[in-house]
Amino acid sequence: VSQTVVQTPLRHRRDARRLSDGQLAIFREAITAAQAIGDDRGYQYWAGIHGLPPPAYCQHSTPQRSAPLFLPWHRAYLYLFEKQLQDRVAGVTLPWWDWTRFHQDPIPPAYAQTRVAGKTNPLASSPIQPSGRRNKDEKRTRREPGNPNWLPNINQLNQVLANPDFFTFQTQLESIHNGVHGWVGGTMDDIAMAAYDPIFWAHHCMIDRVWYLWQLAHPGIVLSQKFLDQALPPFPLTVRQTLDITALGYDYAATTAAVPGPGHG
Amino acid sequence: MVDRFRSKGLELPGTEEDFRRADLHFYDVEHAGPTFEARVFLGAKRGVSHGTEPDDPAYAGSFFVFGHGDCYGEVGHCDIPPERDSYDLRLPHHLEPALQIVTATAAVRRLVEAESRWRPWLSASSASSPMPSSFAAWESPLDLEAKREELGGISLAELGAIRFEDLGRFKQAQSFPHGYNREYLTFYAPRDTGVHQVLLWTLMQAKSSVAINMYGFDDPQLVAVLRHHAENPQMLVTLSLDSSEAGVKIEAELLALLRNDLPGNSIAVGRSERHAISHDKLLVVDGLFLVTGSTNWSFGGENEQDNQLTLTRDPIACAEARAVIDLDHDVMLKQMAEASEKKSSKSKS
């Protein structure tokens, strides 16, 4: 049976603290459904692409002698994971976690509450498949948050956003990203297993959003053909195909959050 | 756990105008181990105990490394092949050393500003200095009899011969008001345009000793007169300068310039007893003349900022100030000795 291409509107990713009850419910439903699938459509498969089980595909730590792919690779990763979730629940999108705000209670309640309506919150932790563990006892993700003062603040993020050079911007944003992984601690602090923690996706959604904001603030940036044509394994996308998020079918909702959204300067 | 790495010295831009942004690039950053933060400190001083927190005065920024952690592959999985052929289109090895970039504009600017506070009078050329030509460095050895345009056509000897009672000529009104205290003369920069001349006059009175504790000191003409005294074996020259922003290289140049090696000269560069800035502006000449106030010995301090300078020939006030200068000088000398000892024991180990 051949598929019919259906024209769909852009879908908006939203702030994890500003989801309506309904939006949060369908997101949890999608994650739960993905957790229930054991093949290459499931949560465990997609979490494993980042690190364990091998091969680890993720692109981190700006290599100094070759093209750094941190932002494009993770944009492709989130895009394709989100498509899997949308196959489970139509129209669902990944929310972002703005870690520059609410430092008195840094992890959004949607991800922090261990139980919701009498059930385990699928965003608070996740099982880790046996092949995804560094040791056999790490059956579920865990967090060990640090001092909230160590989280990035808006001034630090604005300084990074002001970079006119893409590669410097990417390197410095990756450094901020690294610090947040370390701050969450536990599974998120382990590059090989971090993607099993559901907050990983919200953290990277924020990173992707910051890149998008940078793109809006610095239009007309010219990147080399070689870089643009670089493939992003294991995904069927090149760097060039990740540059326009509207071509990927999503946008970021405008918000009054500290990091300004489109239409808010 | 805190590990420390001290880099080789970095060349600073010449002046603040030379740059709009300063990025520090860190090459060959390993990321095979655990996640860590690297905090960068610029301009750490010898003899100063620096902390590890962002509130340290030398803090410039930080970067985070997302560590790979222990290898989860088999033998050789995390070994980086030493070579890569030119047809190899695979992505880089997952542990290829990384580049990190820290934007340190504010910290570098702080150092450059500080450097510019010292640099002009360490160099005969003031081409890069924002000072006007009338503030240019003087020759060495100093010709005391040469008529100088910047002194209104008189020589240093003639300037020094002006009577204390006649120093009112350097006031805006060219005299002190009637009934003014005869022993305490106060000048206000920039209103009174002769503050520079008053300082030169005071230095020119020296017959046996000059003792200075000065925070900001980049007036090349005052340096020229001080250097003239330092070359005189009969003259005791005691100079204490704040080190908060001066690099070790500049300290060494300073000691050489003012002939710290000659008998009678003692130069100390350091911090206050409590490791804060040494903010005094004190000059005592021969135990007979004392300069106090807020005026740094710089073009800006003497001509542009709002500053006050009081010259007195009250010997009791001179004696009190001299004790302060000597005590602070001793503290700085001990700081330098301690730093030198640490350096020596470190090189031995």
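These numbers were taken from a predicted model, which means no experiment stands behind them.

J.: Whenever I open this one, the confidence of the model for chain B confuses me. Can you help?
T.: Residues and elements named next belong to chain B. Averaged over every residue, the pLDDT of chain B is 84; the share at 70 or more is 87%. Model confidence for chain B, summarised as mean pLDDT per element, is weakest for helix 5 (residues 248–257) at 66 and strongest for strand 10 (residues 289–293) at 97. Low pLDDT (under 50) marks residues 123–129, which in the prediction has 5 contacts with non-local residues, meaning those over four places away or in another chain. ipTM for the predicted complex: 0.85, alongside a pTM of 0.67.

J.: Would you mind showing me how to read helix 1 (residues 21–35) of chain A here?
T.: Residue pairs three or four apart in sequence face the same way in an α-helix, which turns once every 3.6 residues. Residue and element names in this part refer to chain A. Taking 1.5 Å as the rise per residue, helix 1 with 15 residues should run 21 Å; its terminal C-alpha atoms sit 21 Å apart, in good agreement. The set of residues buried in helix 1 consists of L24, F27, R28, A30, I31 and A34. When helix 1 is viewed along its axis, its buried side chains cluster within an angular range of 160° and face the same direction. Looking at the buried side of helix 1, the elements it contacts are helix 2 (43–50), helix 3 (70–88), helix 4 (109–112) and strand 2 (115–116).

J.: Help me understand the packing of aromatic side chains, please; the structure alone is not making it clear to me.
T.: In this description, an aromatic ring pair is defined by two values, namely the gap between the centres and the angle between the planes. For the structure shown, the criterion picks out 28 aromatic pairs over all chains. Relative to W183 of chain A, the ring of W97 of chain A has its centre 6.3 Å away and its plane inclined at 50°; by these criteria the two rings are tilted. You can see W97 of chain A sitting in the loop between helix 3 and helix 4 and its partner W183 of chain A sitting in helix 6 (residues 166–184), a full 86 residues away along the chain. Accessibility assignment for this pair places W97 of chain A and W183 of chain A in one class, buried. Arranged with centres 5.4 Å apart and planes meeting at 70°, the rings of F176 of chain B and F187 of chain B form a pair that is edge-to-face. Taken together, the positions of F176 of chain B in the loop between helix 2 (156–160) and strand 5 (184–189) and F187 of chain B in strand 5 put the pair 11 residues apart, joining distant regions of the chain. You can call F176 of chain B buried: its relative accessible area is 17%. Grouped by ring-pair contacts, the aromatic residues Y43, Y45, W46, W73, Y77, F81, F200, W201 and F235 of chain A constitute a single cluster. Sitting above the plane of the Y250 of chain A ring, R13 of chain A keeps its charged end 3.6 Å from the centroid. The cationic tip of R209 of chain A hangs over the ring face of W96 of chain A; the distance from NZ or CZ to the ring centre is 4.1 Å.

J.: Any chance you could explain the side chain of D197 of chain A here in plain terms?
T.: All names here are of chain A. Along the chain, D197 turns up in the loop between helix 6 and helix 7 (199–217). With relative accessibility at 0%, the residue D197 sits in the buried group. Within polar-contact distance, the side chain of D197 engages the backbone nitrogen of I199 at 2.9 Å. With near-sequence residues (within four places) excluded, D197 lies in contact with Y43, T141, R142, R143, V184 and M188.

J.: Can you help me understand the interface of chain B and chain A in this one?
T.: How large an interface is tends to be reported as the accessible area lost when its parts come together. The interface of chain B with chain A comprises 27 residues on the first partner and 34 residues on the second. In total, about 2400 Å² of surface goes out of reach between chain B and chain A, with carbon and sulfur atoms giving 54% of it. Considering only the side of chain B, the residues that lose the most area to chain A are F66, Y72 and L91 of chain B, jointly responsible for 34% of the buried surface there. Summed over the shared surface of chain B and chain A, the result is 0 salt bridges. If you look at where chain B meets chain A, you find 8 residue pairs in polar contact (both at pLDDT 80 or more). Broken down by secondary-structure element, the contributors of at least two residues to the side of chain B that touches chain A are strand 1 (23–29), strand 3 (59–65) and strand 4 (98–103) of chain B.

Conventions and cut-offs
- Residues numbered from 1 in each chain as written.
- Chains lettered and ligands numbered in written order.
- Predicted model: local features only at pLDDT ≥ 70, side-chain atom pairs only at ≥ 80, totals over all residues.
- Heavy atoms only, no water.
- pLDDT = per-residue confidence, 0-100.
- Helix = DSSP H or I, 4+ residues; strand = E, 2+ residues; numbered from the N terminus.
- Contact = heavy atoms within 4.5 Å.
- Expected span 1.5 Å × (residues − 1).
- Buried < 20%, exposed > 50% of the residue type's maximum accessible area, 1.4 Å probe, protein only.
- Arc of directions from axis to C-beta.
- Phe/Tyr/Trp six-rings, centres within 6.5 Å; stacked < 30°, edge-to-face > 60°.
- Lys NZ or Arg CZ within 6 Å of the ring centre and 35° of its normal.
- Polar contact = N/O pair within 3.5 Å; in protein donor to acceptor, adjacent residues only side chain to side chain.
- Buried area = accessible area lost by both parts, 1.4 Å probe.
- Salt bridge = Lys/Arg side-chain N within 4 Å of Asp/Glu carboxyl O.

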